Amino acid sequence: LVLALLLAYGSSRYVSRPIVDMTRVARDVASGIYTPRHPEGATSLELQDLASALDEMRRQIQGRIGQITLEKSRLEAVLASITEGILVTEQSGRVSIANRAFGSLFGVSQDPVGRMPIELVRQREVQDAIEQTMETGKVVFLDLMLSDGLERYLDVHVAPILQEDTCVGSVTVFYDITELRRLERIRKDFVANVSHELRTPLNAIIGFSEILENKTFG
């Protein structure tokens, strides 16, 4: 009986050791540790197949994490280079991404992630536009004027982020059109001034023409 128990214990240890080792490998992968580790003692064909599958899973997860990290770095670089303010919200309505141009435009120095748009923009129209986009899944356009010491004009576009016809977030782009509005105002003032300046000589010319016409035919 003692001999049988010893043999059973040794057999269980022999079989369970590679399983325990593979369990450690799986836990390491779940914790973000992708160091290659080949389970020892996997003698049966089934355990060898399981060990190979775990190693292949580790390689694939490591590759996908690397790809996601690269895409995240590219996205951050693109957002940092864009001069327009960009604000991205998740399905809960809270901010998930905001670029530096947005922070400069609205004077946001703290981390905006996790906050509501109204806390950052402080314009109820923007919050309403984002909520409308989230509810309808349609693009919303908005004209905004900021009076925070300097009069600034913004053209705001709010677009939905759709996943299988479900709105899971929104992207808001803020175009600063202050300079465009200033040039438009200058153009209008110029046309008005030219029209005013030309009105007097034109009236004089018309008057002289009428006088000449009366003398000629009179």
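Preceding block: the structure.
Throughout this description, residue numbers start from 1 for each chain and increase along the sequence as written. For this predicted model, a pLDDT threshold of at least 70 governs which residues receive local features, and a threshold of 80 or more governs which side-chain atom pairs are given and counted, while totals over whole chains, interfaces and linings are taken from all residues. The side-chain numbers reported here are obtained from all heavy atoms of the structure, hydrogens and water having been left aside.

S.K.: Explanation requested: the overall build of the chain in the structure shown.
M.R.: Secondary structure elements follow DSSP: runs of H or I of four or more residues count as helices, runs of E of two or more count as strands, with numbering from the N terminus. For the chain, the count of helices and strands is six helices and five strands. Helices and strands appear in the chain in the N-to-C order α-α-β-β-α-α-α-β-β-β-α. Three labels apply to residues, based on accessible area from a 1.4 Å probe with only protein chains included: buried if under 20% of the type maximum, exposed if over 50%, partly exposed otherwise in between. Within the span of the chain, comprising 218 residues, buried residues form 26% of the whole. Two residues form a contact once any of their heavy atoms are found within 4.5 Å. Considering only contacts in the chain between residues 6 or more positions apart, those separated by 24 or more positions represent 38%. With residues, only the protein chains shown are counted as cover, and all accessible areas are computed by Shrake-Rupley using a 1.4 Å probe. Split by element, the accessible area of the chain, about 15400 Å² in all, is 58% carbon and sulfur.

S.K.: Sorry, what's going on with the pattern of salt bridges here?
M.R.: Proximity of charged atoms lets side chains of opposite charge pair with each other. When a carboxyl oxygen of Asp or Glu is within 4 Å of a side-chain nitrogen of Lys or Arg, the pair counts as a salt bridge. Using the criterion set out here, one finds six salt bridges in the structure. Of the charged contacts, one joins Arg115 and Glu119 as a salt bridge, the two residues approaching to 3.6 Å between their closest N and O atoms. With a relative accessible area of 33%, Glu119 lands in the partly exposed category. The partner of Arg124 in a salt bridge is Glu131, with the nearest N and O atoms 3.8 Å apart. Given the relative accessible area of 45%, Arg124 is considered partly exposed. Classification of Glu131 by relative accessible area gives partly exposed; the value is 33%. One network of salt bridges, with partners in common, ties together Arg124, Asp128 and Glu131.

S.K.: How should I be thinking about the side chain of Arg152 in this particular structure?
M.R.: Relative to the helices and strands, Arg152 resides in strand S4 (residues 151–163). By relative accessible area, Arg152 is classed as buried at 16%. Each polar contact in these results corresponds to two N or O atoms within 3.5 Å; when the atoms are within protein, one needs to be able to donate a hydrogen and the other to accept it, and residues that are neighboring in sequence are counted only if both atoms are side-chain atoms. Of note is the side chain of Arg152, whose polar atom sits 2.9 Å from the backbone oxygen of Leu105. Arg152 has contacts with Leu105, Leu144, Met145, Leu146 and Thr178, leaving out every residue within four places of it along the chain.

S.K.: Quick question: what am I supposed to make of the nonpolar core here?
M.R.: General note: in soluble globular proteins, nonpolar side chains tend to be found buried as a group. We define a nonpolar core as any set of buried Ala, Val, Leu, Ile, Met, Phe, Trp, Tyr and Cys residues linked to one another through side-chain atoms lying within 4.5 Å. By size, the foremost hydrophobic cluster in this structure holds 21 residues, and its most contacted members are Leu87, Phe102, Phe106, Val126, Leu154, Val156 and Phe174. Residues contacting Val156, with those up to four places away along its chain left out, are Val140, Phe141, Leu142, Leu144, Thr172, Val173 and Phe174.

S.K.: Whenever I open this one, helix H5 (residues 124–136) confuses me. Can you help?
M.R.: Spacing of three or four residues puts side chains on the same side of an α-helix, whose turn is 3.6 residues. The length a helix should cover is 1.5 Å for every residue beyond the first. The terminal C-alpha atoms of H5, which comprises 13 residues, lie 18 Å apart, in line with the 18 Å expected from a rise of 1.5 Å per residue. Buried within H5 are the following residues: Val126, Gln127, Ala129, Ile130, Thr133 and Met134. Within H5, the buried residues cover an arc of 160° as seen down the axis, which keeps them to one side. The secondary structure elements touched by the buried residues of H5 are strand S1 (85–90), helix H4 (117–121), strand S3 (140–147), S4 and strand S5 (166–176). Within two residues after H5, Gly137 carries a phi angle of roughly 70°, on the positive side. Each C-beta atom gives one direction from the helix axis, and the arc is the one those directions make.

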